[in-house]
Amino acid sequence: MDRGTWAHTLKAKVRKFNGEFFRSRAALPLGREEIGELRRAADHDWNEVDPSIFGTLLEQALDPADRKKLGAHYTPRAYVERLVIATIIEPLREDWRNVQATAETFRSNGDLKRAAAEVQAFHDQLCRTRVLDPACGTGNFLYVSLELIKRLEGEVLEALLDLGGQEALRGLGSHSVDPHQFLGLEINPRAAAIAELVLWIGYLQWHFRTKGAPPDEPILRAFKNIKVKNAVLDWDGAPLPKIVDGKEIYPNPRRPEWPPAEFIVGNPPFIGKGAFMREALGERLTEALWRANPRINESADLVMFWWDRAAELLTVKGTVLRRFGFVTTNSISQVFNRRVVERHLTAKKPISLVFAIPDHPWTKATEDAASVRIAMTVGEKDVRQGALARVEREGDLTSDHPIIEMTIELGRINPDLTIGADLTSASKLTANFGLSSNGMLLAGRGFVLSRSEAEHLGVGSRLEVESVVRPYINGRELYYGWSGRHIIDLFGITLDDARSRFPNVYQHLATTVKVERASVAAKTTVRDAHDYAARWWLFAKPRAAFRDALVDLDRYVGTTETAKHRIFQFVDSRFIHDHMVIGIATADACHLGVLSSRIHLIWTLAQGGTLEDRPRYTKSQCFDPFPFPDANPIQKQTIRVIAEELDAHRKRVLAEHPHLTLTGLYNVLERVKAGAVPQAQPSSPGSSRRSTSSVRDRKKSVDGRDEPGHDGGRSSTVHDEQSNVLTSDEQRIFDDGLVLILKELHDRLDVAVAAAYGWPADISDEDILARLVALNKRRAEEEQRGLVRWLRPDYQVPRFAKTLDKQAAAEDGAQVAATFSLGEKRHKPAFPASPVEQTATVFAALSAAPGAIDAKALAGQFKYTKTSEKRIADALASLARLGYVSTTDGVSFALRRAA
């Protein structure tokens, strides 16, 4: 069989199989009973065997310890098909739909040759399409992918036959979809060998069913498309670790390369986070895995290493990858795994989930699989809508065809595998323009002065110096209290003036910042570094526009960019804040109240990103598009009174009790909101409190983190799990910080702000987001028409409005109509030149239309050409004839929706 020569025992010439399967001809040492079992197995007809059974056979043959180490759970056929269709077949069928409609247009115009050429080109595309399973096991996903693509290929060849008869198929020969296009990475050599065999069995079965005969010799070919390889870790000397003093060492751990493919699909190992990985993989292998994948947090499941790599490959330059889909445990929607997903969904080059099932049953065919619940996710680059499937009813999971009934919801799928408001559609509002900014970017540590250094330069004794040496506050100090630091700010002062008027200040900067910036510039060709070195006495980013916004204010609103708790407070305008603080140029307590409300908090959590476990307040996403309520004067005054009291209350208790911090106050507030009960007798500040605090401080110093809320987050989590009673430390904060009053103020503020929006006080988080997105859209449309609801009209209108048309004024003149435009004019795209791209564009435009639309209206969405409207009309007619769109009059067309 390996060589295709004469077999004396059979007295016949055997077909040549080739490949790797018959290269080794060693006889196995089988006993009589084993030979009998083999003989009985050979008596069966294996022509129609389902190759997917090999996965189950191998799983049951594995030692339980090996199965646990590998995380091996082989996916039932029905589940495999569900994911393969969503990942691979749906986009290929979309391509085929566009090709069909294009070919139909040519056929209807009598051009059969061009019609056949389009179909032939798509067949060529199918024969080039590669599928990768980077944890392929025994190849179930690859086999099902092969079978489903071969089904599609059959339709394509039938269409080609219809267009050109046998002549159109002449010359295809062995040019077809075959196993070489289906690539696998697998760490288990036995599984990898079975995977290659499974692919060939599936291919040969298909060939016999459609051709009635075996393929040309050699029947099997050694494509070497299944590699025995660790898909998420490589190291010097792999696959064996280096042994030093009896210990495994993985030198230079790194991520291995994956072979290029148009689609990635599979079921990576089911091994949980942290301790579970250490138990299953070993301490040193787990540590090497984390070192090779530093972006994956140690609390993420092993499967996320595959998910993260595939998501990254979607957006790298020159990628051929179109979609990826994975089966994971349903913990992918939990916080530590979700962060991996969120990072890619919110990146500058984002991906989207186009299909997801958050909670799906697993088979109960094996004992240890009974408790597993899975999720399925399919990713595609760019911002797209998706289909979220929810399981409504589960049938017998022990059968080969378990009954799973699901409902489908369409929309933007969030990182937690839910569908809510599409916050990505929210646009920046002119009303908020020019009021928010990050603080100063220094590019020089010498600008910042300790209290004693500031006094040495004249703060407290020389009034003129205090005009350029000002109080300085960073994000941590907003929450923990000002440390007394100052900053040298020579904005608006020339170098000669600085030297003559403030010689001590000049010399300090010349010996610190000037030297530091010159050193940096000498090591780089980056233009900014050299510009900063030339202007060494000034901040790298002095925020001139924001300074202008603060001129007439004695206070402004500030919040730390990254923090566990989102807290807004008034900051004295004498203070200069650093770049990790977001400043909002308003002194109006009504604005502070709205920003401090639950409504804005829900918005910021959904819109902003995260840094580890701390949400980020990104001004371009959280403030600029946020629609403030159109409140009446009484509603505004109600919010002002509560917000002023809230700000004063927090400042007062922090001033009276130095041990208090805003982080501590809000940690305890969260505990109280969650139902924690204060102690019956307030504890005195004794040794137990100091001991707990010192332990927490040591934790903070060990990991080097001093960002607001980081240390507090750990302790509150432990308390939530262990007790529903405040600890002695928390009780002290509760008492001294008057946390119950803090809670009442926030509760009153939430009610008042909801009333200003005209919404119920108990509105759900989902409704808040949906209504804010809708309100943002309405405000944006109003601004297009000229109505801008400026937050600070006295400041914004003279600077930013081109023309003014006063239509209305509230008691503070907040509503001023103005014609204003930020950004560039929107240009219509050109209509594609390629016939298939034209069809795809027409279908996409039709999908986005709210109802039936005609060719002229569709053509109006693109740059005008004489032929585009006719080509659009032809494409619509072809799509209608093929049943993809519907029409009642032959003029207007609508997408045919599934029931």
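Predicted model, so just to flag it, every value in this text is computed and none were measured. (Residues numbered from 1 in each chain as written. Predicted model: local features only at pLDDT ≥ 70, side-chain atom pairs only at ≥ 80, totals over all residues. Heavy atoms only, no water.)

Asks: When you look at the overall build of the protein in this model, what are you seeing that I'm missing?
Replies: If you tally the helices and strands in the protein, you get 32 helices and 29 strands. Taking all 899 residues of the protein together, the buried fraction comes to 48%. Contacts in the protein between residues far apart in sequence, at least 24 positions, make up 72% of those at least 6 positions apart. For the protein, the exposed surface amounts to about 44,100 Å²; the carbon and sulfur share of it is 53%. (Helix = DSSP H or I, 4+ residues; strand = E, 2+ residues; numbered from the N terminus. Buried < 20%, exposed > 50% of the residue type's maximum accessible area, 1.4 Å probe, protein only. Contact = heavy atoms within 4.5 Å. Areas by Shrake-Rupley, 256 points an atom, 1.4 Å probe, with all protein chains shown as cover.)

Asks: What is the right way to read the pairing of strand β18 (residues 555–560) from this model?
Replies: Consecutive side chains of a regular strand alternate in pointing toward one face of the sheet and then the other. Counting buried positions along β18 gives five out of six residues, so the element sits mostly inside the fold. Examined bridge by bridge, β18 and strand β19 (residues 569–572) share four bridges and lie antiparallel to one another. Residue pairing across strands places Y556 opposite V571, the latter belonging to β19. Summarising the sheet, β18 and strand β21 (residues 581–584) pair through four bridges and their orientation is antiparallel. By the bridge assignment, T559 is partnered in β21 with I582. (Pairing = 2+ DSSP bridges.)

Asks: Explain the packing of aromatic side chains here, please?
Replies: The description of two aromatic rings rests on the distance between their centres and on the angle between their planes. Considering all chains together, one arrives at 19 aromatic pairs under this definition. Between W536 and W537, the aromatic rings sit 6.0 Å apart at their centres with planes inclined by 80°, giving edge-to-face as the arrangement. Residues Y795 and F800 carry aromatic rings whose centres are separated by 6.0 Å and whose planes lie at 85° to one another, so their mutual orientation is edge-to-face. For Y795, a relative accessible area of 5% corresponds to the buried category. By way of ring pairs, the aromatic residues W603, F623, F626 and F628 are connected into one cluster. One cation-aromatic arrangement involves R97 over F843; the distance from NZ or CZ to the ring centre is 3.3 Å. The positively charged end of R476 is found above the aromatic ring belonging to Y480, 4.1 Å away from the centroid. (Phe/Tyr/Trp six-rings, centres within 6.5 Å; stacked < 30°, edge-to-face > 60°. Lys NZ or Arg CZ within 6 Å of the ring centre and 35° of its normal.)

Asks: For this particular structure, what's the right way to read the environment of I473?
Replies: Mapped onto the fold, I473 is located in strand β16 (residues 469–473). For I473 and F575, which are 102 residues apart along the polypeptide, the C-alpha to C-alpha distance reads 6.7 Å. Those residues within four positions of I473 in sequence are excluded, and the remaining contacts are L478, W482, F575, I576, H577, D578 and V581.

Asks: Before we go on, may I ask you to explain the environment of Y472 in this structure?
Replies: Turning to its location among the elements, Y472 is positioned in strand β16. In contact with Y472, not counting residues within four places along its chain, are L442, V448, E477, W482, R485, H486, I487, F575, I576, H577 and D578.

Asks: Is there a simple way to explain the packing of helix α30 (residues 835–848) against helix α32 (residues 868–881) in this structure?
Replies: Geometry of a packed helix pair, given as the angle between the helix axes and the separation of the axes. Interhelical geometry of α30 versus α32 gives an angle of 75° and a closest axis separation of 10 Å. With respect to α32, the axis of α30 lies roughly perpendicular. Here α30 contributes Q838, T839, V842, F843 and L846 to the contact with α32, which in turn contributes R871, I872, A875, L876 and L879. Considered class by class, the residues forming the contact of α30 with α32 number seven nonpolar, two polar and one charged. (Axes fitted to C-alpha atoms, helices over the stretch in contact; angles between N-to-C directions. Parallel < 35°, antiparallel > 145°, perpendicular 65-115°, else oblique. Nonpolar A, V, L, I, M, F, W, Y, C, P; charged D, E, K, R; others polar.)

Asks: Help me out: how do you make sense of the sheet that holds strand β5 (residues 226–228) in this one?
Replies: What the nine strands build is an open sheet, ordered β5-β4-β3-β8-β9-β11-β10-β12-β13; its pairing is mixed. This sheet does not close on itself; its edge strands, each paired only once, are β5 and β13 (404–411). The mean angle between the axes of side-by-side strands here comes to 15°, regardless of whether they run parallel or antiparallel. Where helix α4 (residues 77–108) meets the sheet, it contacts β3 (131–133), β8 (263–266), β9 (323–329), β10 (351–361), β11 (373–381) and β13, and its direction lies at approximately 175° from that of β8. Across the face of the sheet, helix α7 (residues 189–211) comes into contact with β4 (182–186) and β5 while running at roughly 175° to β5.

Asks: Looking at this model, I keep getting lost on the sheet that holds strand β28 (residues 885–886). Mind explaining?
Replies: Pairing between the strands of a sheet comes from backbone hydrogen bonds, and it takes one of two forms, parallel or antiparallel. Across the sheet, which stays open at both edges, the three strands sit in the order β27-β29-β28 with antiparallel pairing between neighbours. Of all the strands in the sheet, the pair left with one neighbour each is β27 (853–854) and β28. One ladder, built from two bridges, connects β27 with strand β29 (residues 892–895); its direction is antiparallel. Note on β29: the bridge partner recorded for I853 is F893. Sheet strands in contact with α30 are β27, β28 and β29, and its direction is about 80° off that of β29.

Asks: I keep staring at helix α22 (residues 633–656) and nothing clicks. Help me out?
Replies: Since the α-helix packs 3.6 residues into each turn, any two residues three or four apart lie on the same face. If you check α22, its first and last C-alpha atoms are 34 Å apart, about what 24 residues at 1.5 Å a residue would give, namely 34 Å. For α22, the set of buried residues is K636, I639, R640, I642, A643, L646, D647, H649, R650 and V653. At its buried positions, α22 is contacted by β19, α19 (589–595), α23 (662–673), α26 (728–736) and α27 (739–757). Sitting at the amino-terminal end of α22 is N632, which places a side-chain oxygen 3.1 Å from the backbone nitrogen of I634. (Expected span 1.5 Å × (residues − 1). Polar contact = N/O pair within 3.5 Å; in protein donor to acceptor, adjacent residues only side chain to side chain.)

Asks: Teacher, can you tell me more about the pattern of salt bridges here?
Replies: Where charged atoms of side chains with opposite charge meet at close range, the side chains can pair. Using the criterion set out here, one finds 48 salt bridges in the structure. Residue R40 pairs with E37 through a salt bridge whose shortest N-O separation is 2.9 Å. In this pair, R40 and E37 are both assigned in helix α1 (residues 32–42), three residues apart and thus about one turn of the helix distant. Classification of R40 by relative accessible area gives partly exposed; the value is 47%. (Salt bridge = Lys/Arg side-chain N within 4 Å of Asp/Glu carboxyl O.)

Worth remembering: the numbers are spatial, not functional.
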